[in-house]
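If you want the building blocks of each chain, they are given just below.
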Amino acid sequence: CTHDAIFSAQAEPLKDIKTVYGYSEWMKGIALVAMPGSSYELNSQSFDAKTNTAMFFGTFHGTHSGHLEGFPAPTYKSMETQYVYSIHVNAHGKVDKITKVWHSAWAAAQVGWTAPSNVPADAVHLFHACESGKGWHDCKQYCTHDAIFSAQAEPLKDIKTVYGYSEWMKGIALVAMPGSSYELNSQSFDAKTNTAMFFGTFHGTHSGHLEGFPAPTYKSMETQYVYSIHVNAHGKVDKITKVWHSAWAAAQVGWTAPSNVPADAVHLFHACESGKGWQECMHFCTHDASFDAQAEPLKDIKTMHGYAEWMKGIAVVAMPGSRYELNAQSFDPETRTATFFGTFRGT
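Model, not experiment: these values are computed from the prediction. (Residues numbered from 1 in each chain as written. Predicted model: local features only at pLDDT ≥ 70, side-chain atom pairs only at ≥ 80, totals over all residues. Heavy atoms only, no water.)

Things to note about the overall build of the protein chain
Working step 1: For the protein chain, the count of helices and strands is nine helices and 12 strands.
Working step 2: In terms of overall size, the protein chain is more extended than a compact globule, its C-alpha atoms giving a radius of gyration of 28 Å where 347 residues would be expected to give roughly 20 Å.
Working step 3: Structurally, the protein chain occupies a C-alpha span of about 90 × 50 × 25 Å along its principal axes.
Working step 4: Counting only residues that meet the buried cut, the protein chain has 41% of its 347 residues in that class.
Working step 5: For the protein chain, long-range pairs separated by at least 24 residues make up 55% of all intrachain contacts whose partners lie at least 6 apart in sequence.
Working step 6: For the protein chain, the exposed area adds up to about 19500 Å²; of that, 55% sits on carbon and sulfur atoms.
Working step 7: Here the protein chain contributes 25 positive and 32 negative side-chain charges, whose respective centroids are spaced 5 Å apart. (Helix = DSSP H or I, 4+ residues; strand = E, 2+ residues; numbered from the N terminus. Rg over C-alpha atoms; globule rule 2.2 N^0.38 Å. Buried < 20%, exposed > 50% of the residue type's maximum accessible area, 1.4 Å probe, protein only. Contact = heavy atoms within 4.5 Å. Areas by Shrake-Rupley, 256 points an atom, 1.4 Å probe, with all protein chains shown as cover. Lys, Arg positive; Asp, Glu negative; His and termini not counted. Charge placed at Lys NZ, Arg CZ, Asp CG, Glu CD.)

What to know about the sheet that holds strand 9 (residues 220-231)
Working step 1: The five strands lie next to each other as 6-10-9-8-7, forming an open sheet whose pairing is mixed. The open sheet has two edge strands, strand 6 (143-151) and strand 7 (181-190), and neither has a second partner. Each strand of the sheet is rotated relative to its neighbour by a mean of 20 degrees, with strand direction disregarded.
Working step 2: Of the strands in this sheet, strand 6, strand 8 (195-205), strand 9 and strand 10 (237-244) touch helix 5 (residues 162-176), which is tilted by about 70 degrees from strand 6. (Pairing = 2+ DSSP bridges. Axes fitted to C-alpha atoms, helices over the stretch in contact; angles between N-to-C directions.)

Side note on helix 3 (residues 121-131)
Working step 1: Among the 11 residues in helix 3, nine count as buried, and that is most of the element.
Working step 2: When we look at burial in helix 3, the residues that qualify are Asp 122, Ala 123, Val 124, Leu 126, Phe 127, His 128, Ala 129, Cys 130 and Glu 131.
Working step 3: Looking one or two places after helix 3, you find Gly 133, whose phi comes out positive at around 80 degrees.

Description of the pairing of strand 5 (residues 95-102)
Working step 1: Strand direction decides the pairing type here: strand 1 (residues 6-9) and strand 5, joined by four bridges, are parallel. Each residue of the ladder has a partner; that of Ile 6, found in strand 5, is Lys 97.
Working step 2: The hairpin turn running from strand 4 (residues 78-89) into strand 5, its antiparallel successor, is five residues long, and Gly 93 in that turn takes a positive phi close to 85 degrees.

Things to note about the pattern of salt bridges
Working step 1: According to the stated counting rule, one finds five salt bridges in the structure shown.
Working step 2: Between Lys 15 and Glu 12 there is a salt bridge, and its shortest N-O distance comes to 2.7 Å.
Working step 3: Its relative accessible area of 41% is what places Lys 15 among the partly exposed residues.
Working step 4: Judged by its relative accessible area of 56%, Glu 12 falls in the exposed class.
Working step 5: The shortest N-O distance in the salt bridge between Lys 236 and Asp 122 comes to 3.0 Å. Placement of Lys 236 in the loop between strand 9 and strand 10 and of Asp 122 in helix 3 is noted, with a sequence separation of 114 residues between them.
Working step 6: By relative accessible area, which is 16% here, Asp 122 ends up buried. (Salt bridge = Lys/Arg side-chain N within 4 Å of Asp/Glu carboxyl O.)

As for the environment of Trp 26
Working step 1: Checked against the element boundaries, Trp 26 lands in helix 1 (residues 20-34).
Working step 2: Separated by 61 residues in sequence, Trp 26 and Ile 87 have C-alpha atoms that sit 17 Å apart.
Working step 3: Every residue in contact with Trp 26, bar those within four places of it in the chain, is listed here: Pro 13, Leu 14, Ile 17, Phe 71 and Trp 102.

Observations concerning the nonpolar core
Working step 1: Grouped together as the largest cluster of nonpolar side chains are 43 residues, with contacts concentrated most on Leu 156, Tyr 165, Phe 198 and Tyr 227.
Working step 2: Once you skip the residues sitting within four places of it in the chain, Leu 156 turns out to touch Phe 149, Ala 151, Tyr 165, Trp 168, Lys 242 and Trp 244.
Working step 3: Among the nonpolar cores identified, the runner-up in size contains 27 residues, and Leu 68, Val 89, Val 95 and Trp 113 belong to it. (Core = buried A, V, L, I, M, F, W, Y, C linked by side-chain atoms within 4.5 Å.)

Points about the sheet that holds strand 2 (residues 39-48)
Working step 1: One open sheet accounts for five strands, arranged 1-5-4-3-2; its pairing is mixed. Two strands close off the open sheet at either side, each with one partner strand: strand 1 and strand 2. Mean inter-strand twist for the sheet, computed between neighbouring axes without regard to direction, equals 20 degrees.
Working step 2: Those strands touched by helix 1 are strand 1, strand 3 (53-63), strand 4 and strand 5, and its axis lies near 30 degrees from that of strand 3.

Focus on the packing of aromatic side chains
Working step 1: Overall, the coordinates contain 22 aromatic pairs when judged by the stated rule.
Working step 2: Look at Phe 7 and Tyr 23: their rings are 4.3 Å apart centre to centre, the planes differ by 10 degrees, and that puts the pair in the stacked class. Of this pair, Phe 7 sits in strand 1 while Tyr 23 sits in helix 1, placing them 16 residues apart in sequence.
Working step 3: Look at Tyr 23 and you get buried, because its relative accessible area is 5%.
Working step 4: Three or more aromatic residues link up through ring pairs in this structure, and these residues are Phe 127, Phe 149, Tyr 165, Trp 168, Tyr 182, Phe 198, Phe 213, Tyr 225, Tyr 227, Trp 244 and Trp 255.
Working step 5: In this arrangement the basic side chain of Lys 100 is found over the ring face of Tyr 83, its NZ or CZ atom lying 4.8 Å from the centre. (Phe/Tyr/Trp six-rings, centres within 6.5 Å; stacked < 30°, edge-to-face > 60°. Lys NZ or Arg CZ within 6 Å of the ring centre and 35° of its normal.)

Structural notes on helix 1
Quick reminder: α-helices carry 3.6 residues per turn. Residues three or four places apart thus point the same way.
Working step 1: The first and last C-alpha atoms of helix 1 sit 20 Å apart over 15 residues, in line with the 21 Å expected at 1.5 Å per residue.
Working step 2: Looking only at helix 1, the buried set comprises Val 20, Tyr 23, Trp 26, Gly 29, Ile 30, Ala 31 and Ala 34.
Working step 3: Contacts made by the buried residues of helix 1 are with strand 1, strand 3, strand 4 and strand 5. (Expected span 1.5 Å × (residues − 1).)

Some words on unusual backbone geometry
Working step 1: For Asn 52, which is not glycine, the phi torsion reads 55 degrees and is therefore positive.
Working step 2: Mapping Asn 52 onto the fold places it in the loop between strand 2 and strand 3.
Working step 3: Despite not being glycine, Tyr 76 shows a phi value in the positive range, around 60 degrees.
Working step 4: Classification of Tyr 76 by relative accessible area gives partly exposed; the value is 47%.

Topic: the side chain of Ser 104
Working step 1: Its place among the elements puts Ser 104 in helix 2 (residues 104-110).
Working step 2: With relative accessibility at 10%, the residue Ser 104 sits in the buried group.

The following block contains the structure:
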């Protein structure tokens, strides 16, 4: 470059950077500090000899895992962002001007840097800390010590503090559903009521044992929710309300038993359909539990022991990787009969 090479971009993060020196240092921070291990691709390049201008079309890949001053706390979310450089060279072939064409808002949304400038920073940080399972240890710095929580959702009805909710989320995100992830779909702020709104989607697979929850079902959820987060005059969160269809989420991962469906009947269904065989199913049955079905392959099976072993062969040996869904369940207390409607998939 020339020593005074200029830079410009119609992109929010770069609007105040006017020199190639400034931009190169900004990119150094992004590539090495905010997103260590980042990479890029040069998709195409060309040169216009009439205007002494080179064009570079690139794609940058990175995950926000590092702390960089002036940026949000790490979100551990990834971006894949495309851009074009228009690079002018002088008569000696030295770069004297760079213009970057880049949809920065698209890139920012991918890694969760989407807060409008009027959304209080502590509300944004709290959202990310809570959803990533950081617990009260991290969340407390963004809240008042007595911040309250409420939700019209069965699993959360007894949780009244943000402390309690952040610890509940820690259990869900790290223990019950290790490897879970989330998306911040949109956010806004109502300055009149000091209330931020966050619309998110949580993804997870129930593969871990967490006290107070059913045994792992190895089924996955994709559940949407909204937080209404109130901040006080100092920008600290003092109240969170969660709007969430918890029953829909529970159904996705097989936590759908109404309170009147006997637990052993539910456990037997899941143990049988997942191919656990009699060794697991026997815990939920009498030793002589009977079985019958008006189906050709099952016509000679007369015991639950026999059917459990047959299903084990189907689910684990004949169709490894098979899966099932519990679509609905109910219980008739007069006849003491539970009914389960399921779908089995296998190859």
